[in-house]
Amino acid sequence: MEAYGGFAQVYDMFMDNVDYHQWCSYAITLLHQYGMQDGTLVEIGCGTGTGTMLFTKAGYDMIGIDISQEMLEIAESKKETEDIVYVLQDATELELPFPVPAMVSIGDSMNYITDYGDFMQVLKKVRQFLEPDGIFVFDLKTRKYFSDIGETTIAEDREECSFIWENYFDEETNINEYYLSVFVRGEDGRYDKYEEEHFQRGYTLDEVKKAVEAAGLKMERIYEAFSEREGSEENDRVYVVVRNVQDEEK
């Protein structure tokens, strides 16, 4: 089942506890730190465009890429005066009309790429469409994060909606699987039910480093999320910064 199909209609309602400002502000800090203050920025896994609009307000010319038509339709509906281009694409088949100086992917979109070969393929595509010396900033939930959650059921009851989240983590494959059942009250007082099945992978930092190298990119640094500290397997979330350099520069 495609992630964020029917659930896209209520996605923002259930993500209202996510600090997009913190996620984007930190990514922007890293972009600035590595020399990308403005210009065209591609966001892989832009979803409903909440973060994309924040990047736009920071001065970037945004292209948002997502695999979900439903999510992109919501992103389009949010636009007011923002000049954002949204494109329906699978990141493993990324195609851009021209090379760009930078790309980002936040909100653990890269965790949704559960096949290691596909993970490397996305990085290869990123390299293909990054300008020389261009950078890619992406975040990841760590294996520790998923392992700590383990087998858990989470339920939340709100005035207008409720959800049940059943989570399972396979320690051998590092694949995290969760089932979402969402109930949203309509105008007639009855509840609509949405069901989704999602899979994410908890990559080790060693796997990430090897994939970056195999893709022909240079690892700049892995950060503990929202800090200047070096990232480690003990963090729940890390931000990764890679650069497209010429072979002789690596």
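(A) Expanded view of the nonpolar core. One finds M103, M110, F119, L123, F136 and F138 to be the most contacted residues of the largest nonpolar core, which totals 31 residues. Of all the elements in the fold, those that place two or more residues in this core are strand 1 (39–44), strand 2 (60–66), strand 4 (100–105), helix 5 (116–129), strand 5 (130–141), helix 7 (205–214) and strand 11 (237–243). The dominant element in this core, judged by the number of residues it contributes, is helix 5, at five residues.

(B) Looking closely at the sheet that holds strand 2. Strands sit in the order 3-2-1-4-5-11-10 across an open sheet of seven strands; the sheet is mixed. Sheet topology places strand 3 (85–88) and strand 10 (218–224) at the edges, where each strand pairs with a single neighbour. Ignoring strand direction, the axes of neighbouring strands in this sheet form an average angle of 20 degrees. Of the pairings in the sheet, the one linking strand 4 to strand 5 comprises five bridges and is parallel in character. Within the sheet, the bridge partner assigned to S105 lies in strand 5 and is F138.

(C) View of the pairing of strand 6 (residues 152–157). Of all six residues making up strand 6, only zero are buried, and the element is barely covered by its neighbours. Where strand 6 lies against strand 7 (residues 161–170), six bridges are found, and the strand directions are antiparallel. Residue A155 lies in a different strand from strand 7, and its bridge partner there is I164.

(D) Spatial organisation of unusual backbone geometry. Here D108, not a glycine, exhibits a phi torsion of approximately 50 degrees, which is positive. Secondary-structure assignment places D108 in the loop between strand 4 and helix 5. We classify D108 as buried; its relative accessible area is 7%. One non-glycine residue, F226, lies in the positive phi region at around 65 degrees. One can find F226 in the loop between strand 10 and strand 11.

Calculation notes
Residues numbered from 1 in each chain as written. Predicted model: local features only at pLDDT ≥ 70, side-chain atom pairs only at ≥ 80, totals over all residues. Heavy atoms only, no water. Core = buried A, V, L, I, M, F, W, Y, C linked by side-chain atoms within 4.5 Å. Buried < 20%, exposed > 50% of the residue type's maximum accessible area, 1.4 Å probe, protein only. Helix = DSSP H or I, 4+ residues; strand = E, 2+ residues; numbered from the N terminus. Pairing = 2+ DSSP bridges. Axes fitted to C-alpha atoms, helices over the stretch in contact; angles between N-to-C directions.

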